[in-house]
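Single-letter residue listing:
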Amino acid sequence: MAKDSYLVGLVGAGIGPSLSPALHQREADRQGLRHLYRLLDIDVLGVAPEAVGDLVRAARDLGFDGLNITHPCKQLVLDHLDALDPRAEALGAVNTVVFGEDGRAVGHNTDVTGFAASFARGLPDAPLERVVQLGAGGAGAAVAHAVLTLGAGRVTVVDALPGRAAALAESLARHFGPGRAQAAAVEQLPALLAEADGAGGLVHATPTGMAAYPGLPLPAELLQAGLWVAEVVYRPLETELVRAARERGCAVLPGGGMAVFQAADAFRLFTGVEPDSGRMLGDFAELVGAERSGSVA
């Protein structure tokens with residue numbers, strides 16, 4: 001039976017603008033639950049990402065029911081958990097930690113289901129023959145799994161760290177079969193995107209575009225109208241990539257949908273209560289609209 005009071009938090013860097021607290025707390029209020037959601041920002045705390053294990057232990061000792069984990073700790077947290085959900089184990093990345101009554105910390109990944117639900121809703125008819133993905137970190141692993149699960153013919157992973165791209169591609173190929181994933185160098189982006197034009201699109205899964213990391217992750221001239229572009233960053237909701245892609249005629253999926261659907265799945269894990277993702281999408285739109293107008297949400 002679900003409790004009526006929960007204490008959860010978010011661990012990551014530069015998470016002050018996160019809408020997760022409001023999304024969780026609004027849905028909890030409608031469900032008749034007390035839901036206190038705290039931000040554990042490693043930048044504010046002045047600790048390195050490697051301190052995520054200390055934060056997990058401290059949260060467990062303080063009686064937290066769970067934690068969300070975001071950049072740059074989704075992979076670093078793995079060594080500090082007692083068990084992993086099969087999906088998180090396959091991905092090698094965790095974005096949700098649930099503390100059981102026995103004190104065990106179990107890692108889950110709701111980024112996969114969150115991105116898949118958002119993609120199916122926002123780009124239902126998008127071609128998936130050839131997909132190029134920028135970013136092979138924790139979020140990148142999740143969205144690559146999601147895209148291949150949705151039926152992508154091939155995902156080509158590009159990362160500033162070639163070894164990380166190769167490792168993710170090898171993992172994806174083991175899980176989904178030979179030929180479904182490959183790694184490529186950044187220098188190959190122009191040719192890869194030209195090949196995907198009309199047959200697929202671009203998934204962006206790096207921190208570039210976040211408030212703390214402004215800018216474009218690739219030259220805007222590489223974005224052709226025959227590509228769709230899916231963004232993982234949602235703060236700001238309209239990143240420079242989203243804006244540039246729209247201006248060049250691309251079908252665009254902003255990161256907000258993934259943020260909402262992964263939050264809904266995390267809410268279910270934390271509380272055992274079924275959330276209403278439709279209402280949470282409405283909350284997200286209201287919160288973003290309030291920010292734009294300068295009013296208090």
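This one's a predicted model, so the numbers in the text were calculated from it and none came from an experiment. (Residues numbered from 1 in each chain as written. Predicted model: local features only at pLDDT ≥ 70, side-chain atom pairs only at ≥ 80, totals over all residues. Heavy atoms only, no water.)

Participant: Before we go on, may I ask you to explain empty space enclosed by the protein in this structure?
Facilitator: In this approach a probe as big as a water molecule rolls over the atoms, and the regions it shows empty are the leftover space. Tallied over the full model, the rule gives one cavity of 30 Å³ or more. Roughly 30 Å³ of volume is contained in the largest cavity. Every element with two or more residues in the lining of the largest cavity is listed here: β7 (130-134), β8 (154-158) and α8 (189-196). Of the residues assigned to the lining of the largest cavity, the class counts are four nonpolar, one polar and three charged. (1 Å grid on protein atoms, 1.4 Å probe; cavity = no way out; pocket = protein on both sides within 12 Å on 5 of 7 lines; lining within 4 Å. Points joined across faces, edges and corners; volume = space filled by probe spheres on them. Helix = DSSP H or I, 4+ residues; strand = E, 2+ residues; numbered from the N terminus. Nonpolar A, V, L, I, M, F, W, Y, C, P; charged D, E, K, R; others polar.)

Participant: In this structure, what is going on with unusual backbone geometry? I would like to understand it.
Facilitator: Trans is the prevailing form of peptide bonds, just as negative phi is the prevailing case for residues other than glycine. The residue after H71, namely P72, is reached through a cis peptide bond having omega 5°. Put simply, R235 and P236 share a cis peptide bond, and its omega is 5°. For P236, the location among the structural elements is in the loop between β11 (228-231) and α9 (240-247).

Participant: Looking at this structure, how should I read the sheet that holds strand β3 (residues 66-69)?
Facilitator: By way of backbone hydrogen bonds, the strands of a sheet pair with one another, either parallel or antiparallel. The strand order across the open sheet built from six strands is β2-β1-β3-β5-β6-β4, with neighbouring strands paired in mixed fashion. The open sheet has two edge strands, β2 (34-41) and β4 (83-84), and neither has a second partner. With three bridges joining them, β3 and strand β5 (residues 96-99) adopt antiparallel strand pairing. The residue bridging N68 from the neighbouring strand is T96, located in β5. Where helix α10 (residues 256-271) meets the sheet, its contacts fall on β1 (5-12), β2, β3, β5 and β6 (105-108), and the angle it forms with β5 comes to roughly 10°. (Pairing = 2+ DSSP bridges. Contact = heavy atoms within 4.5 Å. Axes fitted to C-alpha atoms, helices over the stretch in contact; angles between N-to-C directions.)

Participant: Could you clarify how one ought to interpret the side chain of S118 in this entry?
Facilitator: Mapped onto the secondary structure, S118 falls in helix α5 (residues 111-122). Every residue in contact with S118, bar those within four places of it in the chain, is listed here: L123, L253, G257, M258 and F261.

Participant: Help me out: how do you make sense of the packing of aromatic side chains in this one?
Facilitator: How two aromatic rings sit relative to each other is set out by the distance from centre to centre and by the angle between their planes. A complete count under the given rule lists three aromatic pairs for this structure. Centroid distance F115 to F119: 5.9 Å. Interplanar angle 40°. Geometry classified as tilted. Placement of the pair is F115 and F119 together in helix α5, with a separation of four residues, close to one helical turn. In this structure, F115 and F119 share a single accessibility class: buried. Where Y234 meets F284, the ring centres are 5.9 Å apart and the plane angle is 50°; that geometry is what we call tilted. You can see Y234 sitting in the loop between β11 and α9 and its partner F284 sitting in helix α11 (residues 277-293), a full 50 residues away along the chain. (Phe/Tyr/Trp six-rings, centres within 6.5 Å; stacked < 30°, edge-to-face > 60°. Buried < 20%, exposed > 50% of the residue type's maximum accessible area, 1.4 Å probe, protein only.)

Participant: Looking at this structure, I do not really get the environment of E291. What am I missing?
Facilitator: Residue placement: E291 occurs in helix α11. With 200 residues separating them in the primary sequence, E291 and L91 have C-alpha atoms 34 Å apart. The contacts of E291, once residues within four sequence positions are left out, are L19 and R235.

Participant: What is the right way to look at the side chain of T156 in this model?
Facilitator: Counting through the fold element by element, T156 comes out in strand β8. Accessibility expressed as a relative area gives 2% for T156, which makes it buried. In contact with T156, not counting residues within four places along its chain, are V131, V132, Q133, Q182, A183, A184 and L192.

Participant: What's the story with the environment of Y6 in this structure? I'm lost.
Facilitator: Summarising the element assignment, Y6 is placed in strand β1. According to the relative accessible area criterion, Y6 is buried, its value standing at 4%. Sequence separation between Y6 and D41 is 35 residues, and the spatial gap between their C-alpha atoms is 20 Å. Setting aside its immediate chain neighbours within four residues, Y6 contacts L33, R34, H35, L36, D65, F270 and T271. Polar side-chain contacts of Y6 include one of 2.7 Å to the backbone nitrogen of K3. (Polar contact = N/O pair within 3.5 Å; in protein donor to acceptor, adjacent residues only side chain to side chain.)

Participant: Please clarify how the sheet that holds strand β10 (residues 200-204) should be interpreted in this entry.
Facilitator: Across the sheet, six strands lie side by side as β9-β8-β7-β10-β11-β12; this open sheet has parallel pairing. For this open sheet the edge positions go to β9 (181-184) and β12 (251-253), each flanked by a neighbour on one side alone. Neighbouring strand axes in the sheet, compared pairwise and without regard to direction, differ in orientation by 20° on average. The pairing of β10 with β11 spans four bridges and is parallel. From the neighbouring strand, H204 faces β11, where its bridge partner is E231. Across the sheet, helix α7 (residues 162-176) is in contact with β7, β8 and β9; its angle to β9 comes to roughly 170°.

Participant: I'm lost on the pairing of β7 in this one. Help?
Facilitator: Each regular strand displays side chains that alternate between the two surfaces of the sheet. Among the five residues of β7, four are classified as buried, and the element is accordingly described as predominantly covered. For β7 and β8, the ladder comprises five bridges, and the chain directions are parallel. In the strand pairing of β8, L134 is matched with V158. Note that the unit made of β7, helix α6 (residues 138-149) and β8 has a crossover that is right-handed. Pairing of β7 with β10, which is carried by five bridges, proceeds in the parallel orientation. Within the sheet, the bridge partner assigned to R130 lies in β10 and is G200. (Right-handed = clockwise from strand over helix to strand, strands pointing away.)

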